[in-house]
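These are the residues of each chain, in order.
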Amino acid sequence: MPVALESQTGPFPKLHHLGLETTFCGIEHKISTPVAPIHQYLGIKYATIPARFRQSRLCTSYPTITDASQHGPICPQLRNSKSIEETLFGIAQEDIPVQNLKQDEFECLNLNITCPAGLTPRSRIPVMLWIHGGGDKGSGSQWFYDGGAIVSKSIALKKPLMLVTCNFRIGLLGFATSPIIRDDNKAAGEEGTGNYGLRDQRTAMEWLHHHISDFGGDPNNITLFGAGSGAADIVCHLLSKANETKPLFHRAIVQSAVFEPTLPDVSNAGWHLSRVMSALQVSTIEKFRSVEVGKLLGLGSTLRAVDDGFFFREGWHSYMTHENAQTKHPQREYHHRETSRPLGVGGHYAASLHPPVVSPRVKSRSRSKSAMRALKSPLKPAFKSDFILPPNLQPLIIGDCSADALLWSAPISLWTPAGVARRLKAICQSLSKTNGILRTYDISTNSADEEIMERVLELVNDARIAWPTHCLAENAKQERGGKNVWRYVFDQEGPSRGLPHHAADLMYLFDNVPLPASALAASTDCETFYDGPFDVSDDEDETCAPIPRGRTSSDISILTTTSSEDEWLTAAVDEYSYARVRDAMQERWIAFAHAEVPWRDDKVFVFGPEGETGERSMQIFEGRRRKSMWKEALEPVGSQLVQKFGVELSRGPALGADRIRH
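So, how was this worked out
- Residues numbered from 1 in each chain as written.
- Predicted model: local features only at pLDDT ≥ 70, side-chain atom pairs only at ≥ 80, totals over all residues.
- Heavy atoms only, no water.
- Core = buried A, V, L, I, M, F, W, Y, C linked by side-chain atoms within 4.5 Å.
- Buried < 20%, exposed > 50% of the residue type's maximum accessible area, 1.4 Å probe, protein only.
- Contact = heavy atoms within 4.5 Å.
- Axes fitted to C-alpha atoms, helices over the stretch in contact; angles between N-to-C directions.
- Helix = DSSP H or I, 4+ residues; strand = E, 2+ residues; numbered from the N terminus.
- Parallel < 35°, antiparallel > 145°, perpendicular 65-115°, else oblique.
- Nonpolar A, V, L, I, M, F, W, Y, C, P; charged D, E, K, R; others polar.
- Polar contact = N/O pair within 3.5 Å; in protein donor to acceptor, adjacent residues only side chain to side chain.
- Phe/Tyr/Trp six-rings, centres within 6.5 Å; stacked < 30°, edge-to-face > 60°.
- Lys NZ or Arg CZ within 6 Å of the ring centre and 35° of its normal.

Asker: Explain the nonpolar core here, please?
Answerer: Considering soluble globular proteins, one finds that nonpolar side chains tend to be buried as a cluster. By size, the foremost hydrophobic cluster in this structure holds 77 residues, and its most contacted members are Ile 44, Ile 113, Trp 207 and Phe 215. Once you skip the residues sitting within four places of it in the chain, Ile 44 turns out to touch Phe 24, Tyr 62, Ala 68, Leu 109, Asn 110, Leu 111, Ile 113, Trp 207 and Phe 215. By size, the runner-up hydrophobic cluster in this structure holds 46 residues, among which are Val 151, Leu 161, Trp 486 and Tyr 488.

Next up, the structure:
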């Protein structure tokens, strides 16, 4: 049951929900101002879990007064001093806010709503639902996903929206299955098995569909967005049977999705789970359910979605391949539209906000407001199309960071040149294809140990994220008649690490991570610091060395001519470039949620390096990503094997194998 409010001092926002017959008591956001008040309703339970390895059920019963002033429990997981994201952000421990989030297997399905104050059921402003990443760790309640900055920016732009984050089951609790569990689920009257985390997310969408209107949100205008494994989850929803028959969201943003090479069926998933059950000395589902949850943590680090024969639509596999999309997704005869009404929008927007919540522009961290205004690209009008797309072919923004593979830099650093070559040969089972990969990515048994990490990072980045993202975008665009898919590349340096690493875009988008002192003090001059053996940028400053063979302009490290030992140096991020990229990203994500064209869909939008933003010709994509290398080395191997060796290389060599000793 949801928690009733016990006691609280001082005023707090109250929202009486007629449909649920409860009053939610929330909090005023810390960045709220008199002209731009922001409210939050935290820890709202959206579903119940009847038992371990069972599908969640929509929550419909609440006490008369419900406490929504603090985050609810999250899915049980191993506790670390830092999350994956915080480690990638490169921030000091003392700069990380202290969060004591409770963990509860059966009370973890809750969501957090951040919205402008003064909304009514008639307001019907757009809703953005964030699907967090992190694999078998993380939650939607982590401090760096707080929606205050985005909602504040939406108010300043006079395009108010509400942002929702949700918690769901992860790891073994969220994705385990086997024939035994399938039979148990079927006996309980459930269709399908496994994918409990995905089904939790779907249930959260159902809750929003039924109940967000009383908060002032529009259930007919919901945008999903997510990164990493969360972005991959969104792809699963796009390709689900439920999305074909009853779509519950209206557009999607996929950021650096971490794809798995293949999804196991129930039998293959059961083989993995049988090893877990054997280690726990349990043989029945009843005994498995009785195992203390703490003993299960960390056992499902590689578990994700399963192809159970029910969740995914027919032919979903084709979206992960590179073959000519024309043969799989023939362009359809769409009906011509007679109006230019925004696609996928069934309600009106903020005209009925009461009272109006309009504020001056949120103060930028840039050096010059007038300079920032001059640099903005104008946003485009609402979606206009010559044909009406089916509601299950949602408009899509999709892209990646140019150094996403830094997510796996620790295990990748252990590979030796000989070890990489042997692993590729074992997977590809073709000497010519293996040699093509090794040659294209400049990997050989003669490569120096200090160089191999850079080469493998590039290969893993392309195999696990960059190339699959491109294949998905091309297939989605083909199915949508060549329209309504927008590509971006994020090459902007992370403020702390000076590299466009995985999750660097989240630092700019959510604007919650404190900037390092180096960024606050940096000038616009080319100042650099050492951060490891990574690639070079397309910086045209005459003091910088040319780009080595095989490297691309998406790589952002710069090598100065004054380096005595060829040290790789990275450019610092100053407040000006940070604000420019932050504003460009937030404005376009907000515009998209408002059913506006974020940029021309025949262009690619670039974020960085060094504060660069704007629409660019698709030809620049060739220089920003290793597209010619994909064609030369990866396409002949095929998507399945490419992603397979990408996963294996990202996990590092096995214990006892030939590896670099640090």
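Asker: Mind showing me how you'd approach the packing of helix α13 (residues 431-440) against helix α19 (residues 627-634) here?
Answerer: Two measures define how a pair of helices packs: the angle their axes make with one another and the distance between the axes. Contact pair α13 / α19: the axes reach a minimum separation of 8 Å and the direction vectors enclose 155°. Our classification of the angle between α13 and α19 gives roughly antiparallel. Residues Gly 436, Ile 437, Arg 439 and Thr 440 of α13 form the contact with α19, whose participating residues are Met 629, Glu 632 and Ala 633. Its residues assigned to classes, the contact of α13 with α19 shows 3 nonpolar, 2 polar and 2 charged.

Asker: So what exactly am I meant to see when it comes to the side chain of Asp 583 here?
Answerer: Looking at the element boundaries, Asp 583 is found in helix α17 (residues 575-593). On the basis of relative accessible area, Asp 583 is assigned to the buried category, the value being 4%. Within the structure, the side chain of Asp 583 is placed 2.8 Å from the side chain of Lys 153, a separation counted as a polar contact.

Asker: Mind showing me how you'd approach the packing of aromatic side chains here?
Answerer: In this description, a pair of aromatic rings is defined by centroid distance and the angle of the planes. One pass over the structure, following the stated rule, counts 26 aromatic pairs. Note on Phe 144 and Tyr 145: the rings are 4.7 Å apart at their centroids and 75° apart in plane angle, and the pair reads as edge-to-face. Judged by its relative accessible area of 2%, Phe 144 is buried. Note on Tyr 145: relative accessible area 2%, which makes it buried. Among the aromatic residues, those joined into a ring-pair cluster are Tyr 488, Phe 490, Tyr 508, Tyr 578, Trp 589, Trp 599, Phe 605 and Phe 607. The lysine or arginine in question, Arg 304, covers the ring of Phe 175, its NZ or CZ lying 4.4 Å from the ring centre.

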